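Here is what each chain is made of, one letter per residue.
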Amino acid sequence: MPTLRLSDEVLIARPDKISSRLELREICIQKATTMSNVEFAVNGRFLTQDTTGVQRYARNVVLHLDQVLKARSASATIFAPQTAFDPELEQMPLVKIGRVAGHAWEQFVLPMRWDGHLLNLCNTAPALKTKQVVCIHDANVYIKPESYSLSFKAYYKILQSLIVRGSAKITTVSSNSAAQIAKHLSLDYSRINVLPNGHEHALEWKPELALVAPSIIAGRGGEAGRPFVLAIGSQAEHKNMKLVTEIAPKLCELGIDTIIAGGSASIFSNHIPTNTKSVSFIGRIDDNDLAFLMDRALCLLFPSWTEGFGLPIVEAMARNCPVVSSDRASMPEICGQAALMAAPDDPSKWVEHVSMLAEYPDRRNELILFGQERVKKFSWHRTADAYADLMQN
């Protein structure tokens with residue numbers, strides 16, 4: 001049975017309910033070791049981070065994994081730094097350990113306190129641990145290195161090369177990503193399990209609770225009810241937002257506005273689009289505001305050069321928003337026949353696709369129906385069930 005090494009820094013998520021240090025120790029031991037069928041822990045560092053696509057993957061896998069474990073009469077423990085958000089899961093209690101956070105917590109505190117099997121869902125893991133499953137979402141630091149800061153690239157290349165050689169199993173989110181990881185990290189493709197993102201979370205968004213999106217749409221100026229296209233992405237080079245800003249003036253001539261949502265992060269090199277006059281940059285917004293925009297957009301534009309998966313594609317399809325996507329990397333695999341595809345360096349084709357959707361509502365409605373069927377291939381619950389099998393075996 002795996003053991004939790006306790007010390008003065010170990011705290012559970014609700015210390016105010018503990019009346020004594022002895023009770024604290026007993027609860028920590030009980031939570032960390034009472035696992036009947038699935039004996040593992042989850043690296044909960046993601047619970048201290050802002051939510052991007054990688055963290056959203058981890059949060060949704062863990063949410064559905066909790067349901068899977070309940071059906072199996074099993075449980076697991078989430079270990080995290082002290083600042084972690086508590087998801088309050090029934091079968092997966094949160095145990096906060098250590099006095100540090102970030103990479104130091106992950107590389108030193110976590111493996112020192114937990115010697116059992118470990119599930120890591122966000123690209124990184126303890127470098128020297130062997131009894132673990134690690135999800136590496138993409139090989140973008142090799143494919144598009146200009147998108148990332150020098151320190152980020154150096155750390156990831158060293159860390160992931162160590163991880164793939166020592167870990168029991170590697171997972172990723174698409175077959176294309178698996179092939180790229182195998183190529184760049186010199187890994188046998190058969191060692192990689194493809195466990196994709198799901199779509200169910202987008203169905204739970206509540207556009208009626210949107211706080212800023214209604215005013216964004218109302219404040220665009222021009223004629224009331226003008227259609228708009230939506231793009232979602234950071235200013236990283238591989239997101240290719242410069243294509244969106246390049247075609248925006250032409251779309252404006254066609255009576256179509258352009259809105260770009262999404263923030264940037266310190267890991268990315270800053271590639272600010274230059275031609276921004278015809279574009280509304282609205283920054284990072286919450287899920288309810290995103291749902292409000294997707295529900296009303298003419299289509300989603302997704303022009304990335306490379307992605308491990310492309311989560312906004314299935315989110316848009318789940319919200320009945322047609323998709324115009326890049327034809328590179330994982331995007332054809334995710335879109336199937338349910339999106340219009342174009343090369344990320346062919347702006348005229350993107351304008352052509354958008355113009356067609358505006359001019360022919362029947363074709364747009366057809367894409368919506370195709371998207372509704374396509375998203376059924378991507379399920380958080382199936383992915384969580386597969387992770388439970390991996391950890392159990």
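Residues numbered from 1 in each chain as written. Predicted model: local features only at pLDDT ≥ 70, side-chain atom pairs only at ≥ 80, totals over all residues. Heavy atoms only, no water.

1. Structural notes on the overall build of the protein
At step 1: A tally of regular secondary structure across the protein gives 15 helices and 14 strands.
At step 2: For the protein, with 393 residues in total, the buried portion stands at 55%.
At step 3: Of the accessible surface of the protein, which amounts to about 16600 Å², a share of 52% is contributed by carbon and sulfur atoms. (Helix = DSSP H or I, 4+ residues; strand = E, 2+ residues; numbered from the N terminus. Buried < 20%, exposed > 50% of the residue type's maximum accessible area, 1.4 Å probe, protein only. Areas by Shrake-Rupley, 256 points an atom, 1.4 Å probe, with all protein chains shown as cover.)

2. Details of the packing of aromatic side chains
At step 1: Counted according to the given criterion, the structure contains seven aromatic pairs.
At step 2: Summarising the aromatic geometry, the rings of Phe309 and Phe378 are spaced 5.5 Å apart at their centres and angled 90° between planes, so their arrangement reads as edge-to-face. Of this pair, Phe309 sits in the loop between β12 (299-302) and α11 (311-318) while Phe378 sits in the loop between α14 (361-374) and α15 (380-392), and the two are 69 residues apart along the sequence.
At step 3: The ring centre of Trp305 lies 4.9 Å from the NZ or CZ of Lys144, which sits over that ring.
At step 4: Of note, Arg296 hangs over the ring of Phe292, and the distance from its end group to the ring centre comes to 3.5 Å. (Phe/Tyr/Trp six-rings, centres within 6.5 Å; stacked < 30°, edge-to-face > 60°. Lys NZ or Arg CZ within 6 Å of the ring centre and 35° of its normal.)

3. Let's talk about the sheet that holds strand β11 (residues 279-283)
At step 1: One open sheet accounts for six strands, arranged β11-β10-β9-β12-β13-β14; its pairing is parallel. Bordering the open sheet on either side are β11 and β14 (340-342), each of which pairs with just one other strand. Taking each pair of neighbouring strands and ignoring which way they run, the sheet shows an average axis angle of 25°.
At step 2: Pairing of strand β9 (residues 228-232) with strand β10 (residues 257-261) involves five bridges; the strand directions are parallel. Looking at β10, one finds that Ile232 is bridged to Ala261.
At step 3: Across the sheet, helix α13 (residues 347-359) touches β9, β12, β13 (323-326) and β14, and the angle it forms with β14 is around 160°. (Pairing = 2+ DSSP bridges. Axes fitted to C-alpha atoms, helices over the stretch in contact; angles between N-to-C directions. Contact = heavy atoms within 4.5 Å.)

4. Quick word on the nonpolar core
At step 1: Counting 70 residues, the largest nonpolar core has Tyr57, Met92, Leu119, Leu230 and Tyr387 as its most contacted members.
At step 2: Of all the elements, helix α2 (residues 53-71) adds the most residues to this core, at eight residues.
At step 3: With residues up to four places along the chain from it excluded, the contact list for Leu230 reads Ile259, Ala261, Leu290, Leu293, Met294, Ala297, Cys299, Leu300 and Leu301.
At step 4: Counting 23 residues, the second largest nonpolar core, distinct from the first, contains Leu298, Leu340, Met356 and Leu357. (Core = buried A, V, L, I, M, F, W, Y, C linked by side-chain atoms within 4.5 Å.)

5. Considering the environment of Ile192
At step 1: Of note, Ile192 is situated in strand β8 (residues 192-194).
At step 2: In this structure the C-alpha to C-alpha distance between Ile192 and Val173, which are 19 residues apart in sequence, comes to 9.9 Å.
At step 3: Once you skip the residues sitting within four places of it in the chain, Ile192 turns out to touch Ile170, Thr171, Thr172, Ala178, Ile181, Ala182 and Leu187.

6. Considerations on empty space enclosed by the protein
At step 1: For the structure on display, the rule yields two cavities of 30 Å³ or more.
At step 2: Size it by volume and the largest cavity reaches roughly 40 Å³.
At step 3: Asp138, Ala139, Asn140, Ile143, Asn176, Ser177, Gln180, Thr306, Glu307, Gly308 and Ala329 together form the lining of the largest cavity.
At step 4: Of all the secondary-structure elements, those providing two or more residues to the lining of the largest cavity are α4 (140-143) and α6 (175-184).
At step 5: No other element matches the three residues that α6 contributes to the lining of the largest cavity.
At step 6: When grouped by side-chain class, the residues that make up the lining of the largest cavity number three nonpolar, six polar and two charged. (1 Å grid on protein atoms, 1.4 Å probe; cavity = no way out; pocket = protein on both sides within 12 Å on 5 of 7 lines; lining within 4 Å. Points joined across faces, edges and corners; volume = space filled by probe spheres on them. Nonpolar A, V, L, I, M, F, W, Y, C, P; charged D, E, K, R; others polar.)

7. Focus on the side chain of Gln132
At step 1: Checked against the element boundaries, Gln132 lands in strand β6 (residues 132-135).
At step 2: Not counting the four nearest positions on each side in its chain, Gln132 is found in contact with Leu118, Asn120, Ala125, Pro126, Ser167, Ala168 and Lys169.

8. Side note on the pairing of β9
At step 1: In terms of residue burial, β9 counts as a mostly covered element, since five of its five residues are buried.
At step 2: Where the polypeptide runs from β9 across helix α9 (residues 241-253) and back to β10, its parallel neighbour, the crossover connection is right-handed.
At step 3: Sheet topology note: the β9/β12 ladder contains three bridges and is parallel. Considered in β12, the bridge of Val229 is made with Cys299. (Right-handed = clockwise from strand over helix to strand, strands pointing away.)

9. As for the environment of Glu237
At step 1: Structurally, the position occupied by Glu237 is in the loop between β9 and α9.
At step 2: Glu237 sits in the buried class, given a relative accessible area of 13%.
At step 3: Between the alpha carbons of Glu237 and Ser304 there is a distance of 8.6 Å; along the sequence they are 67 residues apart.

10. Looking at the packing of α13 against α14
At step 1: The geometry of α13 relative to α14 is characterised by a closest axis approach of 5 Å and an angle of 105° between their N-to-C directions. Taken together, the axes of α13 and α14 are roughly perpendicular relative to one another. On α14, the residues that touch Met356, Leu357 and Glu359 of α13 are Pro361, Arg363, Arg364 and Leu367.
At step 2: Its residues assigned to classes, the contact of α13 with α14 comprises four nonpolar, no polar and three charged. (Parallel < 35°, antiparallel > 145°, perpendicular 65-115°, else oblique.)

11. With respect to the pairing of β10
At step 1: The buried count for β10 comes to five of five residues, which makes it a mostly enclosed element.
At step 2: Covered by surrounding structure in β10 are Asp257, Ile259 and Ala261 together with Thr258 and Ile260, the residues of both alternating faces.
At step 3: Here β10 pairs with β11 via four bridges, running parallel. Its bridge partner being in β11, Thr258 is matched across the sheet by Val279.

The analysis is restricted to geometry; functional conclusions fall outside its scope.
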